[in-house]
Amino acid sequence: MAKMIVGGELVEAENHEVMEVRNPATGELVDTAPRGTVGDVRRAVEAAEEGFRIWSQIPLARRGEILYEGASQILARETELARTLTLEQGKPLRESVLEIRRFVHTLEHYAGLAKNFRGGYVPQLDKNRYGMILKLPLGICGAIAPWNFPVSLMGNKIAPALLAGNSVIVKPASTTPLTSIRCVQIFNEAGLPPGTLNIVTGPGGVVGEEMLCNSKIRKISFTGETRTGKHVMEMAARDIKRVTLELGGSDPMIVCDDADLEAAVSAAAVGRFFNCGQACLAIKRLYLFDSIADGFIERLVNKARKLKVGNGIEDGTLIGPLHTAAQRQEIEEMIQDALGRGAQLLVGGRRPEGAAYDKGYFYLPTLLGNVDRNARIVREECFGPALPIFRVKDLEEAIAMANDSIYGLGSSVWTRNLDKAMKAAERLEAGYTWINSPQIIYDELPFGGVKQSGLGKEHGSEALDFYTETKSVVVTTG
Ligand code: NAD
């Protein structure tokens, strides 16, 4: 049985209840984790108060060293961690390894920023009067993570929060607590003072809700659905808690007639089907210039047919199962809705057949043409391996259709024409635009959505602004 980590100790829930964690590929029990309570969150808050008192006084350079040490300990256990991640989440093992490395890279990135993290100084505000701009930690920060990238998304929060001198309480998704618990444990062993980094597992409506209500928690960094994010923001308003919200997306990809089609087809396949389509930044709508559409679709259909669907723990699997039965049902309903409105099924559109697939939540990579613009798969976030494809006459039309969404997370455009590329980069309503590039995230660049995709930034030195208060100090001498 996995345990939570509070004040540096492995603990059970106060009522000793547990939640089952099951493998989405087989339905088998992987392990159990504590079903935390309101009391458990309060216990973690007490521990985090003590952790903050000590950690915030540790010199910045030393904090950076401990982040480095945590990163190297995690990397040393990459194989064990990746295996647990695949068992609880379902993604192919090679994607789990990539996710653990992403986490390590994020920790190293913020460890490196310890050398550059500073406020400001204003000389001679007046005669003998000087100004200083301090960047002070907030106190206790809550990090609420979803199940699709449980480890790397936790890393986006804890790395800048810890470097800035805060203590943290992590709440992972109920279905993916195991790898996160293990990472927090390894990190605690790497030299964090007790109470600096805690993890409380349990239902969002209990553990998460108490984190939103508890006024000793000064900031919530939340990644999850837009609907839950709105609730987080409402609750945070009660005591003006700081919030960072990383929410849903429906990323458009535009392919112009002068694009490198081979590279664009690969980017579309990886962008849509990575993690079985369960990525906030997945390509969820594809806009093709009319003149290249037929050839592009043919190549993409061929690629989609060849992607091996299976248990993520087995060699050669490229697409694992969807994470839950509910998740698969939702995708099936969205596809049915699109087909009911006249969409053309190009490939997929069903569960794979055979005994190997009976107990898991598998679904074949699916491409749809001739999709109604008001179909659910276009208007809502499609969190699975299905892609609606549209034909457009020019860039104007593509950008207008791409922007016709409540979401604004990522976007991409493929063209060899610099004017078109720059126009798209400026006009696509999104926090990120990739030009002739797959949707790769870099720790060096700030990341965060516009419109209903979120608020605030993660990654980059910008993320540190969201884990600090800026304070001005005036000093008179003489
Ligand atoms: P979700 O909103 O259901 O849950 C996210 C987390 O919030 C979980 O830990 C959950 O237990 C918790 N939670 C649920 N109810 C809560 C409440 N009342 N109070 C506090 N916490 C509560 O999201 P999910 O289904 O786990 O994740 C998928 C969603 O996350 C998708 O919409 C996806 O696009 C989004 N996402 C966004 C990003 C990004 O960076 N923008 C990254 C990954 C995923």
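1. Focus: unusual backbone geometry
Although it is not a glycine, Ile240 adopts a positive phi angle of roughly 50 degrees. One can find Ile240 in the loop between helix 8 (226-237) and strand 11 (242-246). Judged by relative accessible area, Ile240 falls into the exposed class, the value being 60%.

2. Some words on the domain arrangement of the protein chain
The domains assigned to the protein chain are domain 1 (4-247 + 453-476) and domain 2 (251-441). Here domain 1 and domain 2 have C-alpha centroids that lie 31 Å from each other. Between domain 1 and domain 2, the residue contacts involve 27 residues of the former and 26 residues of the latter. Each partner contributes to the roughly 2200 Å² buried at the junction of domain 1 and domain 2, and carbon and sulfur atoms together form 59% of this total. On the domain 1 side of the contact with domain 2, Pro24, Trp147 and Ser453 bury the most area, a combined 25% of that side's loss. The tally of links from domain 1 across to domain 2 stands at zero salt bridges. Our count for the contact surface shared by domain 1 and domain 2 stands at eleven residue pairs in polar contact (both at pLDDT 80 or more).

3. As for the site of the ligand
Close to the ligand lie 27 residues, the nearest being Ala145, Glu209, Thr228, Leu247 and Glu381. Between the ligand and Trp147, the relevant distance is 3.0 Å, taken from an oxygen atom to a side-chain nitrogen or oxygen of the residue. Within the backbone of Glu225, an N or O atom sits 2.9 Å from an oxygen atom of the ligand. For the ligand, whose unbound accessible area comes to 860 Å², protein coverage reaches 89%. Listing elements by their share of the shell around the ligand, those giving two or more residues are helix 7 (204-213), strand 10 (217-223) and helix 8. In terms of residues, the shell around the ligand owes the most to one element, helix 7, which gives four residues.

4. A closer look at the pairing of strand 8 (residues 167-171)
Across the five residues of strand 8, five count as buried, placing the element largely inside the fold. Judged by which residues are buried, strand 8 turns out to be covered on both faces: Ser167, Ile169 and Lys171 on one side and Val168 and Val170 on the other are all buried. Note that strand 7 (residues 140-144) and strand 8 share five bridges and pair parallel. Pairing of Ala143 across the sheet is with Val170, part of strand 8. Each parallel crossover has a hand, and for strand 7 linked through helix 5 (residues 150-163) to strand 8 it is right-handed.

5. Observations regarding the state of the cysteines
Counted by the stated rule, this structure contains zero disulfides. Here Cys213 stays free of any disulfide, with the sulfur of Cys141 as its closest cysteine sulfur at 17 Å.

6. Some remarks on the packing of helix 3 (residues 78-89) against helix 4 (residues 93-113)
Look at helix 3 against helix 4: their axes get within 8 Å of each other, and the N-to-C directions meet at 120 degrees. Overall, the two elements helix 3 and helix 4 adopt an arrangement that is oblique. With respect to the hand of their crossing, helix 3 and helix 4 are arranged in right-handed fashion. Residues Glu78, Leu81, Ala82, Arg83, Leu85 and Thr86 of helix 3 touch helix 4, and the partners they reach there are Leu93, Ser96, Val97, Glu99, Ile100 and Arg101.

Here is what the cut-offs are and how they apply
- Residues numbered from 1 in each chain as written.
- Predicted model: local features only at pLDDT ≥ 70, side-chain atom pairs only at ≥ 80, totals over all residues.
- Heavy atoms only, no water.
- Helix = DSSP H or I, 4+ residues; strand = E, 2+ residues; numbered from the N terminus.
- Buried < 20%, exposed > 50% of the residue type's maximum accessible area, 1.4 Å probe, protein only.
- Domains from an automatic or database assignment.
- Contact = heavy atoms within 4.5 Å.
- Buried area = accessible area lost by both parts, 1.4 Å probe.
- Salt bridge = Lys/Arg side-chain N within 4 Å of Asp/Glu carboxyl O.
- Polar contact = N/O pair within 3.5 Å; in protein donor to acceptor, adjacent residues only side chain to side chain.
- Near = heavy atom within 4 Å.
- Areas by Shrake-Rupley, 256 points an atom, 1.4 Å probe, with all protein chains shown as cover.
- Pairing = 2+ DSSP bridges.
- Right-handed = clockwise from strand over helix to strand, strands pointing away.
- Disulfide = S-S within 2.5 Å.
- Axes fitted to C-alpha atoms, helices over the stretch in contact; angles between N-to-C directions.
- Parallel < 35°, antiparallel > 145°, perpendicular 65-115°, else oblique.
- Left-handed = near helix turned anticlockwise from the far one by under 90°.

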